[in-house]
Amino acid sequence: MIVVYVLNIVNALTYPKDKVNDLAFYDMLIKFVHIPFFLLIFGTGLLLLFAMVVPALIFFSPLMIMILATINYLLMITSSMYGISAVVRLEQSGRIEKGKGLIYLVLHLAFVVDFLSAVSLYRRGFGESENKCLHIARRPLRIKLEYSNWGLCLC
């Protein structure tokens with residue numbers, strides 16, 4: 001698992017400099033796909049917390065909760081590397097102010113708001129009025145984000 005984390009970070013940091021929009025898209029997509037995993041880990045942690053009423057689990061449950069929380073946070077940080085790399089590149093190109101970039105960076109380090117930050121960063125990277133395509137497997141995939149309900153519309 002650590003090898004995958006390291007490869008993910010290296011990929012995010014060595015991504016081509018002219019593909020900032022792709023970095024923001026993959027940041028948002030990875031965070032969207034990880035939502036069920038995070039919910040499963042959170043539910044497992046709650047079950048372990050409630051299982052502490054059993055005397056045999058009073059010492060085992062906190063240890064397992066800490067291990068799950070650490071794994072969960074490492075996964076969030078490694079998936080945030082795409083967004084952090086996109087923010088740095090957007091700041092360097094002048095498409096985003098330093099103050100807003102710092103806010104994006106801080107938001108990418110906290111649960112739940114990291115997803116909202118990723119969606120907002122992707123939207124900022126593409127611009128409000130542009131209609132960009134991400135070419136996957138020779139077919140364009142048109143992406144449209146709705147701010148009103150934070151929904152992801154794939155056309």
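It should be noted that the structure appears before, not after, this text.
Residues numbered from 1 in each chain as written. Predicted model: local features only at pLDDT ≥ 70, side-chain atom pairs only at ≥ 80, totals over all residues. Heavy atoms only, no water.

Moving on, we get to the overall build of the protein. Of regular secondary structure, the protein possesses five helices and three strands. Put simply, the protein runs from its N terminus to its C terminus through helices and strands in the order α-α-α-α-α-β-β-β. Residue burial in the protein is summarised as follows: out of 155 residues, 35% are buried. Within the structure as shown, the protein displays about 9,700 Å² of accessible surface, and the carbon and sulfur contribution to it stands at 72%. (Helix = DSSP H or I, 4+ residues; strand = E, 2+ residues; numbered from the N terminus. Buried < 20%, exposed > 50% of the residue type's maximum accessible area, 1.4 Å probe, protein only. Areas by Shrake-Rupley, 256 points an atom, 1.4 Å probe, with all protein chains shown as cover.)

Our next topic: the packing of helix 1 (residues 2-13) against helix 3 (residues 60-93). For the pair helix 1 and helix 3, the least separation of the axes is 9 Å and the interaxial angle reads 10 degrees. Taken together, the axes of helix 1 and helix 3 lie roughly parallel to each other. From helix 1, Y5, N8, I9, N11, A12 and L13 reach across to helix 3, where they touch I71, L74, L75, T78, S79, M81, Y82, S85 and R89. Among the residues forming the contact of helix 1 with helix 3, the class breakdown is nine nonpolar, five polar and one charged. (Axes fitted to C-alpha atoms, helices over the stretch in contact; angles between N-to-C directions. Parallel < 35°, antiparallel > 145°, perpendicular 65-115°, else oblique. Contact = heavy atoms within 4.5 Å. Nonpolar A, V, L, I, M, F, W, Y, C, P; charged D, E, K, R; others polar.)

Quick look at helix 3 now. Here helix 3 spans 50 Å end to end across 34 residues, near enough to the 50 Å set by a 1.5 Å rise per residue. The largest bend in helix 3 is about 35 degrees, located at M81. (Expected span 1.5 Å × (residues − 1). Bend = angle between axes of the 7 residues up to and from the residue.)

So, about the packing of aromatic side chains. Per the counting criterion, the structure on display carries seven aromatic pairs. Taking the centre distance of 6.4 Å and the plane angle of 75 degrees together, the rings of Y15 and Y26 count as edge-to-face. Taken together, the residues span a long stretch of sequence, with Y15 in the loop between helix 1 and helix 2 (20-50) and Y26 in helix 2 at a distance of 11 residues. Centroid distance F38 to F111: 5.8 Å. Interplanar angle 75 degrees. Geometry classified as edge-to-face. Placement of F38 in helix 2 and of F111 in the loop between helix 4 (98-107) and helix 5 (113-126) is noted, with a sequence separation of 73 residues between them. Judged by relative accessible area, which is 39%, F111 ranks as partly exposed. Through a chain of ring-to-ring contacts, the aromatic side chains of Y15, F25, Y26 and Y122 assemble into a single cluster. (Phe/Tyr/Trp six-rings, centres within 6.5 Å; stacked < 30°, edge-to-face > 60°.)

Attention now moves to the environment of D22. Mapped onto the elements of the fold, D22 is located in helix 2. Separated by 100 residues in sequence, D22 and Y122 have C-alpha atoms that sit 8.7 Å apart.

Attention shifts here to helix 1. Helix length check: helix 1, at 12 residues, gives a terminal C-alpha distance of 17 Å against a target of 16 Å (1.5 Å per residue), a fit within 8%. Of all the residues in helix 1, the buried ones are Y5, N8 and A12. When helix 1 is viewed along its axis, its buried side chains cluster within an angular range of 60 degrees and face the same direction. Within helix 1, the exposed residues directed more than 90 degrees away from the buried face are I2, V3 and L7. (Arc of directions from axis to C-beta.)

This part covers the pattern of salt bridges. All chains considered together, the criterion is met by two salt bridges. Of the charged contacts, one joins K31 and D114 as a salt bridge, the two residues approaching to 2.9 Å between their closest N and O atoms. Of the two residues, K31 sits in helix 2 while D114 sits in helix 5, which places them 83 residues apart along the sequence. Neither K31 nor D114 differs from the other in exposure class; each is buried. For E97, the salt bridge goes to K100, with nearest N and O atoms at 3.6 Å. On the accessibility criterion, E97 (45% relative accessible area) is partly exposed. (Salt bridge = Lys/Arg side-chain N within 4 Å of Asp/Glu carboxyl O.)

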